[in-house]
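Coordinate inspection notes
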Amino acid sequence: MIKFNAKQIEIMKHALSLFAEHGYEKTPVRDLAKKANINIAMISYYFGSKEKLLEAIFLKYTSSIRSKVEEIVKDRNAEPTVKIEQIIDAYIDAFIEYPDFYLLLSREQLRTKNHALYNAIRGLKQKNGSMLKAAVKAGEKAGYFRKNIDITMLAQTLFGTVNQTLNNRRFLCEQYDIAEGDQSAFEEFIFPKLREHLKTMFKYYLTNK
């Protein structure tokens, strides 16, 4: 795993905030430098280019969740159904911990014409899908899950549902009578409901029980 120094992490944090708010393409390098309180040359010094900065952001914010899910998948002591529940929890936790990153991801994947950004998003989806596939196939082999599971659609269900939930805060607050600005109330009510919903749905889909 690549290690980033404190200054690189600080720059990535500011860049992610701007990318999530304005979009990658619409964020000039000069705005990045101003936000991070550095000169433009420092971005080239630490990352090489704006595109390389974006790649570093993807690497930083996906490596942690990837490591967690890989540990879950490789755990030989946990039952397949438990692994699936742990994977669901891990991804929800990641969306909650890094909301700006997943906001950037959800926005840019719909409109990006940038080759590097598209490749980064595609790579993330492929890796996520492969880890979920490994967990499901192990469950199939052990007799816990039914055969011929559509892993691609299963992954879309997981990531799409979590993303849609976090990006529709105002609507959900209205539906469940939660004050829009009450972050703690939203987290205490919506996130447990989201976890339970996905785990139940996955259980019935994977096992037909």
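So, how was this worked out
- Residues numbered from 1 in each chain as written.
- Predicted model: local features only at pLDDT ≥ 70, side-chain atom pairs only at ≥ 80, totals over all residues.
- Heavy atoms only, no water.
- Helix = DSSP H or I, 4+ residues; strand = E, 2+ residues; numbered from the N terminus.
- Areas by Shrake-Rupley, 256 points an atom, 1.4 Å probe, with all protein chains shown as cover.
- Lys, Arg positive; Asp, Glu negative; His and termini not counted.
- Charge placed at Lys NZ, Arg CZ, Asp CG, Glu CD.
- Core = buried A, V, L, I, M, F, W, Y, C linked by side-chain atoms within 4.5 Å.
- Buried < 20%, exposed > 50% of the residue type's maximum accessible area, 1.4 Å probe, protein only.
- Contact = heavy atoms within 4.5 Å.
- Salt bridge = Lys/Arg side-chain N within 4 Å of Asp/Glu carboxyl O.
- Phe/Tyr/Trp six-rings, centres within 6.5 Å; stacked < 30°, edge-to-face > 60°.
- Lys NZ or Arg CZ within 6 Å of the ring centre and 35° of its normal.
- Expected span 1.5 Å × (residues − 1).
- Bend = angle between axes of the 7 residues up to and from the residue.

**Remarks on the overall build of the chain**
Broken down by element type, the chain carries 10 helices and zero strands. Taken from the N to the C terminus, the helices and strands of the chain come in the order α-α-α-α-α-α-α-α-α-α. Across its three principal directions, the C-alpha atoms of the chain cover 60 × 40 × 30 Å. When the accessible surface of the chain is totalled, it reaches about 12100 Å², and 49% of it is carbon and sulfur. Of the side chains in the chain, 33 bear a positive and 25 a negative charge, and the two mean positions are spaced by 7 Å.

**Side note on the nonpolar core**
Among the nonpolar cores identified, the biggest contains 63 residues, and Leu53, Ile57, Ile84, Ile87, Phe101, Val136 and Leu158 are the most heavily contacted of them. Top contributing element to this core by residue count: helix α4 (residues 50–74), with 10 residues. Contacts of Ile84, omitting those with residues within four sequence positions, involve Leu132, Ala135, Val136, Phe145, Phe202 and Leu206.

**Quick look at the pattern of salt bridges**
Counting across every chain of the model gives eight salt bridges. Notably, a salt bridge pairs Glu174 with Arg170, separated by 3.8 Å at the nearest N-O pair. Residue Glu174 and its partner Arg170 are located together in helix α9 (residues 169–175), separated by four residues, close to a single helical turn. When its relative accessible area of 52% is taken as the criterion, Glu174 is described as exposed.

**Things to note about the packing of aromatic side chains**
For any pair of aromatic rings, the description consists of the separation of the ring centres together with the inter-plane angle of the planes. Going through the model one piece at a time under the given rule, you end up with 10 aromatic pairs. Between Phe58 and Phe101, the ring centres sit 5.1 Å apart and the planes meet at 75 degrees, which makes this aromatic pair edge-to-face. With a gap of 43 residues between them, Phe58 in helix α4 and Phe101 in helix α6 (residues 99–111) connect regions that are remote in the sequence. For the pair Phe58 and Phe101, a shared accessibility class is recorded, and that class is buried. Judged by centre distance (3.9 Å) and plane angle (20 degrees), the ring pair of Phe95 and Tyr102 falls under stacked. Both residues of the pair, Phe95 and Tyr102, count as buried. Joined through ring pairs, the aromatic side chains of Phe58, Tyr61, Phe95, Tyr98, Phe101 and Tyr102 make up one cluster. Taking the ring centre of Tyr205 as reference, the NZ or CZ of Arg146 above it sits at 4.5 Å.

**Points about the environment of Tyr144**
Take Tyr144: it is sitting in the loop between α7 (115–141) and α8 (151–166). Ignoring anything within four residues of it in the chain, the contact list for Tyr144 reads Glu79, Pro80, Thr81, Gly139 and Thr207.

**Focus: unusual backbone geometry**
The backbone of Asn37 shows a phi angle near 60 degrees, a positive value even though the residue is not glycine. Considering the arrangement of structural elements, one finds Asn37 in the loop between α2 (29–36) and α3 (40–47).

**Focus on α4**
Its 25 residues give α4 an end-to-end C-alpha distance of 36 Å, which sits within 8% of 36 Å, the value for a rise of 1.5 Å per residue. Along its length, α4 reaches its greatest deviation from straightness, about 35 degrees, at Thr62.

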